[in-house]
Amino acid sequence: MRTIGIANHKGGVGKTTTAVNLAAGLARAGFRTLLVDVDAQAHATFWFAEDPADIDFDLQDVISNGVPIEKAILNTRIQGLDLLPATLALAPLETELVSMTRREDRIARALADVETSYDFAVLDLPPSLSLVTLAALAAATDVIAPVSATKLAVGGLGAFLSWTDDFRGEGVITAPLLGILVTMVDSRTRVSREVLDALRDSDLPLFEAAIPRRVAAEDQVGGRLVVGDDEANPDLAAAYQAFVNEVIARMGVTRG
Ligand SMILES: Nc1ncnc2c1ncn2[C@@H]1O[C@H](COP(=O)(O)OP(=O)(O)OP(=O)(O)O)[C@@H](O)[C@H]1O
């Protein structure tokens, strides 16, 4: 199983939208995929759960309460895509991790129990440089950082990359940065064009695909998926599909 962490400590840059679309795109390409909601805001979970109040177990139950991971995993409406959900009760996980031994390994150890059941796990991370984020990145084999096409978001990207590099130096994170995905690009605005040009001129491993800003995507939590089933937003769907194809190519995996 390859485990992709979708991470950036900046909030609202499109982590969840990217995680959900990547996971759905990988499943639609024939890969058995597990979407893991590591964010206590539970937005990725809301995308799929009919009624999140009905969720019995979440990631915290698996890590802190000894619930077997298989009991917490839910099927989704997309064939080949399962979900390890978050609920709002996930929030205390951060403080619980503090007192746990081998805390950085906790998410990796939980996922190890299902590593033969899936080709990919896609982890939607919280917008923080926290122990939960670190444990999720320690579980990852690859990291993708979405960044929205704004000067503030790009300015914060360096801090996130150097934070992960520090933990790579200590051997806690082993996953390389697979790529950076620029999201919410509005090519009519100068700032979007300048940000995109500057990133493309840099040494950063940018994905060629860039995700356009679309009003229809602005309230997608719990809404329709973009990859494969959003006829109202064909360019958004095409951009996410191009991104999924690039991820598959960069990882050198064959379609399931
Ligand atoms: N391409 C897009 N165009 C316009 N709005 C978008 C686009 N992608 C995501 N959004 C919206 O922007 C908001 C933030 O997106 P998302 O939740 O994916 O970001 P996030 O980085 O996961 O946020 P958080 O840091 O809160 O976890 C959401 O309301 C989402 O619907």
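Provided above is the structure to which this section pertains.
As the structure is a prediction and not an experimental result, all values here were calculated from the model.

Digging into the overall build of the chain
Consideration 1: Helix and strand content of the chain: ten helices and eight strands.
Consideration 2: Against the globule reference of 18 Å for 256 residues, the chain gives a C-alpha radius of gyration of 17 Å, in line with a compact fold.
Consideration 3: With respect to the three principal axes, the spread of C-alpha positions in the chain is 50 × 40 × 35 Å.
Consideration 4: Residues counted as buried form 52% of the 256 residues belonging to the chain.
Consideration 5: In the chain, once contacts between residues fewer than 6 apart in sequence are set aside, the share between residues at least 24 apart is 78%.
Consideration 6: Carbon and sulfur atoms make up 50% of the accessible area of the chain, which totals about 11000 Å².
Consideration 7: Side chains of the chain give 22 positive and 35 negative charges; the mean places of these two sets differ by 5 Å.

Brief notes about the nonpolar core
Consideration 1: Ranked by internal contacts, the top residues of the largest apolar core, which has 53 residues, are Val36, Leu84 and Ile107.
Consideration 2: In terms of nonpolar packing, the next biggest core, distinct from the first, is built from 38 residues, Ala29, Phe31, Leu83 and Ala209 among them.

So, the sheet that holds strand E5 (residues 120-124)
Consideration 1: Strand order in the open sheet formed by eight strands is E3-E4-E2-E5-E1-E6-E7-E8, with mixed pairing between adjacent strands. Each edge of the sheet is formed by a strand with only one pairing partner; in this case those strands are strand E3 (74-75) and strand E8 (206-212).
Consideration 2: Pairing geometry for strand E6 (residues 142-148) and strand E7 (residues 177-185), over six bridges, is parallel. Counted as the bridge partner of isoleucine 144 is glycine 179 from E7.

About the thresholds
Residues numbered from 1 in each chain as written. Predicted model: local features only at pLDDT ≥ 70, side-chain atom pairs only at ≥ 80, totals over all residues. Heavy atoms only, no water. Helix = DSSP H or I, 4+ residues; strand = E, 2+ residues; numbered from the N terminus. Rg over C-alpha atoms; globule rule 2.2 N^0.38 Å. Buried < 20%, exposed > 50% of the residue type's maximum accessible area, 1.4 Å probe, protein only. Contact = heavy atoms within 4.5 Å. Areas by Shrake-Rupley, 256 points an atom, 1.4 Å probe, with all protein chains shown as cover. Lys, Arg positive; Asp, Glu negative; His and termini not counted. Charge placed at Lys NZ, Arg CZ, Asp CG, Glu CD. Core = buried A, V, L, I, M, F, W, Y, C linked by side-chain atoms within 4.5 Å. Pairing = 2+ DSSP bridges.

Everything listed here is a matter of coordinates, which is why it stays silent on function.
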